[in-house]
Amino acid sequence: MTETERKNPGDEDVPGTSQTGDDICPTCNGSGNLQQKPCPDCGGSGKITVIVGDA
Ligand SMILES: [Zn+2]
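As recorded in an unreviewed UniProt entry, the chain goes by the name Chaperone protein DnaJ, listed as coming from Microvirga aerophila.

What follows is the structure, encoded as structure tokens:
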């Protein structure tokens, strides 16, 4: 079991998984900060990983 993938609370799946994509974090609106602290949902990146699903 590898621990290289990092998943934030706001991510729907682990980055790099098939059928996922980046989206603006709705919690911080992409700023990466929430109330002058790193956003807990995206880990301060401003982006979250979402499951795109079947294309
Ligand atoms: Zn965020």
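A.B. asks: It is not clear to me how the overall build of the chain should be interpreted in this structure. Could you clarify?
C.D. replies: When helices and strands are counted, the chain shows zero helices and four strands. Sequence-ordered secondary structure for the chain, helices as α and strands as β, is β-β-β-β. In the chain, buried positions account for 22% of the 55 residues. The contacts in the chain between residues at least 6 apart in sequence include a share of 51% that link residues at least 24 apart.

A.B. asks: Please clarify how the coordination of the zinc ion should be interpreted in this entry.
C.D. replies: Ideal values for angles at a metal depend on the geometry: 109.5 degrees with four tetrahedral donors, 90 or 180 degrees with six octahedral donors. The protein atoms donating to the zinc ion are Cys25 (SG), Cys28 (SG), Cys39 (SG) and Cys42 (SG), with metal-donor distances spanning 2.3 Å. Each of the four donor atoms bound to the zinc ion contributes to angles spanning 105 to 115°, and the resulting shape is tetrahedral. Written as a sequence motif, the donor residues of the zinc ion are C-x2-C-x10-C-x2-C. Here Cys39 lies in the loop between β3 (37-38) and β4 (47-51) and Cys25 lies in the loop between β1 (20-24) and β2 (33-34), a separation of 14 residues in the sequence. Each member of the pair Cys25 and Cys39 is classed as buried.

A.B. asks: Please explain the pattern of salt bridges as it appears in this structure.
C.D. replies: A side chain with one charge may pair with a side chain of the opposite charge, provided their charged atoms come close. This model, assessed by the stated rule, comprises one salt bridge. Lys47 is paired through a salt bridge with Asp22; the nearest N and O atoms lie 3.6 Å apart. Of the two residues, Lys47 sits in strand β4 while Asp22 sits in strand β1, which places them 25 residues apart along the sequence. On the accessibility criterion, Asp22 (54% relative accessible area) is exposed.

A.B. asks: Looking at this structure, I do not really get the nonpolar core. What am I missing?
C.D. replies: Proteins that are soluble and globular tend to have nonpolar side chains buried together. Core analysis: the largest hydrophobic core is formed by six residues, namely Cys25, Cys28, Cys39, Cys42, Ile48 and Val50. The contact partners of Ile48, leaving out residues within four places of it in the chain, are Gly10, Asp11, Gly21, Asp22, Asp23, Ile24, Cys25, Pro26, Asp41 and Cys42.

Cut-offs used in this document
- Residues numbered from 1 in each chain as written.
- Predicted model: local features only at pLDDT ≥ 70, side-chain atom pairs only at ≥ 80, totals over all residues.
- Heavy atoms only, no water.
- Helix = DSSP H or I, 4+ residues; strand = E, 2+ residues; numbered from the N terminus.
- Buried < 20%, exposed > 50% of the residue type's maximum accessible area, 1.4 Å probe, protein only.
- Contact = heavy atoms within 4.5 Å.
- Donors = N, O, S within 2.8 Å, 3.2 Å for Na, K, Ca; no water.
- Tetrahedral: all angles 85-135°; square planar, octahedral: opposite > 155°, others 65-115°.
- Salt bridge = Lys/Arg side-chain N within 4 Å of Asp/Glu carboxyl O.
- Core = buried A, V, L, I, M, F, W, Y, C linked by side-chain atoms within 4.5 Å.

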